[in-house]
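# Notes for the structure review
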Amino acid sequence: MYAKMFNRMDMNNNLKELSKELKREFGRNSKHEIVVVGGAAIVLKHDFRESSSDIDAIVSDGSSIKDAVRRTADRLGLSADWLNSDFKQSSSYSGQLVAVSKYYRTFNQVLDVRIVDDKYLIAMKLRSFRAYKNDQSDIIGLLQDSPFTYEEICSAVERLYGKDNGVKPEAWEFLRKYYSAEGIAYDQIRKEELNNKDILVEFDKNYENVLKEDNLDDILSILREKKRLK
């Protein structure tokens, strides 16, 4: 089952409603801050991606904002995790993300929203680099909108993750191919991602509880090869 998707208008409305809850609970002189990352950050800033299933964010006062997030979900009929920090458990998280974010907007005088800068969003996508998500197409879309050099992206990766950055060789090869004369087409990559997702969804229907975070890539590779040989 696919999650409800939020476009830019939805996200801004949800954040506005969250700010109302914060204002009611803590007063008009209170200050709260979140730093938006991932797909939601791209949706808020760019037109090539229309939606995301949630808002991944670093929350400066997580315990204080948690109840307001829940009340907003209840009032608007949203899933409980419409705004969450689960990505902090993933490989793409870095303690440097707040420092490389930029001001986006203040809602109701109490909620400041910042968004991670584009080249660091690219670095995050290189670090995760999942063939069944939007990672690869997001990289292409961001580079087309913000023409950073290859060296600038390498520097961004190093700032977030250090010299031993853990980025997969295939991610670096993907990036080099984009900068080559051959290039990579956004539409083709997005089509492949959607196809990969459909393959995994179908597999999960037939073999429940087999797919895990550490075996997805291997299983997808096997399934794609079987499909190719049919």
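Further up the page is the structure itself.
Everything in this summary refers to the structure shown in the same document. Remember, predicted model here, so these are calculated numbers, not experimental data.

### Concerning the overall build of the protein chain
When helices and strands are tallied, the protein chain shows nine helices and five strands. Counting from the amino terminus, helix and strand elements in the protein chain follow one another as α-β-α-β-α-β-β-β-α-α-α-α-α-α. Computed over the C-alpha atoms, the radius of gyration of the protein chain is 19 Å, within 12% of the 17 Å expected from 2.2 N^0.38 for a compact globule of 230 residues. When the 230 residues of the protein chain are sorted by exposure, 47% land in the buried category. In the protein chain, of all internal contacts separated by at least 6 residues, the share reaching a separation of at least 24 is 73%. Surface summary for the protein chain: the accessible area is close to 12,600 Å², and the carbon and sulfur share equals 47%. Here the protein chain contributes 38 positively and 39 negatively charged side chains, and the mean placements of these two sets differ by 4 Å.

### Notes on the packing of helix α2 (residues 38-45) against helix α4 (residues 118-128)
Running from amino to carboxyl end, α2 crosses α4 at an angle of 145 degrees, the nearest separation of the two axes being 10 Å. Taken as a pair, α2 and α4 cross one another with a handedness that is left-handed. Two secondary-structure elements touch here, α2 through Gly38, Gly39, Ala41, Ile42 and Lys45 and α4 through Asp118, Leu121 and Lys125. In the contact of α2 with α4, the residues fall into three nonpolar, two polar and three charged.

### Some points on the pairing of strand β4 (residues 101-107)
Pairing geometry for β4 and strand β5 (residues 111-116), over six bridges, is antiparallel. Residue pairing in the sheet places Lys102 in a bridge with Ile115 of β5. Counting the residues between successive antiparallel strands, the hairpin from β4 to β5 contains three residues, one of them, Asn108, with a positive phi of roughly 55 degrees.

### Overview of the sheet that holds strand β3 (residues 83-84)
Strands sit in the order β3-β2-β1-β5-β4 across an open sheet of five strands; the sheet is mixed. Each edge of the open sheet is held by one strand with a lone partner, namely β3 and β4. Sheet topology places strand β1 (residues 32-37) next to β5; five bridges connect them, and they run parallel. Counted as the bridge partner of His32 is Leu111 from β5. The sheet contacts of helix α1 (residues 8-26) involve β1, β2 (55-59), β3, β4 and β5, and relative to β4 the element is tilted by about 65 degrees.

### Things to note about the layout of surface pockets
Here the second largest pocket is characterised by a volume of approximately 330 Å³. For the second largest pocket, the lining is made up of 16 residues, of which Phe129, Ala131, Gln136, Glu170 and Arg224 are closest to its centre. For the lining of the second largest pocket, the secondary-structure elements that each account for two or more residues are α7 (169-179), α8 (186-206) and α9 (216-229). When grouped by side-chain class, the residues that make up the lining of the second largest pocket number six nonpolar, three polar and seven charged.

### Some thoughts on the packing of α4 against helix α6 (residues 150-161)
Where α4 contacts α6, the two axes come as close as 9 Å, and the packing angle between them is 70 degrees. One way to sum up the angle between α4 and α6 is to call them roughly perpendicular. Between α4 and α6, the contacting residues are Lys119, Tyr120, Ile122, Ala123, Met124, Leu126 and Arg127 on the first element and Glu152, Ile153, Ala156, Val157, Arg159, Leu160 and Tyr161 on the second. In terms of residue class, the contact of α4 with α6 is made up of ten nonpolar, no polar and four charged.

Parameters and conventions
Starting from 1, residues in each chain are numbered consecutively following that chain's sequence as written. Reporting of local features is limited, given that this is a predicted model, to residues whose pLDDT is at least 70; pairs of side-chain atoms are given and counted only at 80 or more, and all residues count toward the totals for whole chains, interfaces and linings. Where side-chain values are given, they derive from all heavy atoms of the structure, hydrogens and water being excluded. Going along the chain from the N terminus, every DSSP run of H or I of four or more residues is numbered as a helix, and every run of E of two or more is numbered as a strand. When we talk radius of gyration, it's over C-alpha atoms, and the globule rule is simply 2.2 Å times the number of residues to the 0.38. Throughout, exposure labels follow a simple rule: accessible area from a 1.4 Å probe, protein chains only, divided by the maximum for the residue type, with under 20% read as buried, over 50% as exposed, and the rest as partly exposed. Note on definitions: a residue-residue contact is assigned when non-hydrogen atoms from the two residues lie within 4.5 Å. Here the open area of atoms and residues is found with the Shrake-Rupley method and a 1.4 Å probe, where only the protein chains shown may cover a residue. Counted charges follow a simple rule, with Lys and Arg positive, Asp and Glu negative, and His plus the chain ends left uncounted. Lys charges are placed at NZ, Arg charges at CZ, Asp charges at CG and Glu charges at CD. Angular values range over 0 to 180 degrees, each being the angle between N-to-C directions of two axes fitted as lines to C-alpha atoms, with helices fitted over their stretch in contact. Crossings are assigned a handedness: left-handed for a near helix turned anticlockwise from the far helix by less than a right angle, right-handed for a clockwise turn. Only Asp, Glu, Lys and Arg are considered charged, only Ala, Val, Leu, Ile, Met, Phe, Trp, Tyr, Cys and Pro nonpolar, and every remaining residue, Gly among them, polar. By the convention used here, strands pair only if DSSP detects at least 2 bridges between them. Grid points spaced at 1 Å and placed over the protein atoms alone form the basis of the search, with a cavity being a set where a 1.4 Å probe fits but cannot get out and a pocket an open set showing protein on both sides within 12 Å along at least five of seven lines. Lining residues have an atom within 4 Å of a point. Grid points are joined across faces, edges and corners, and a volume is the space filled by probe spheres set on the points. Under this scheme an angle from 65 to 115 degrees is roughly perpendicular, one under 35 degrees roughly parallel, and one over 145 degrees roughly antiparallel; angles in between are oblique.

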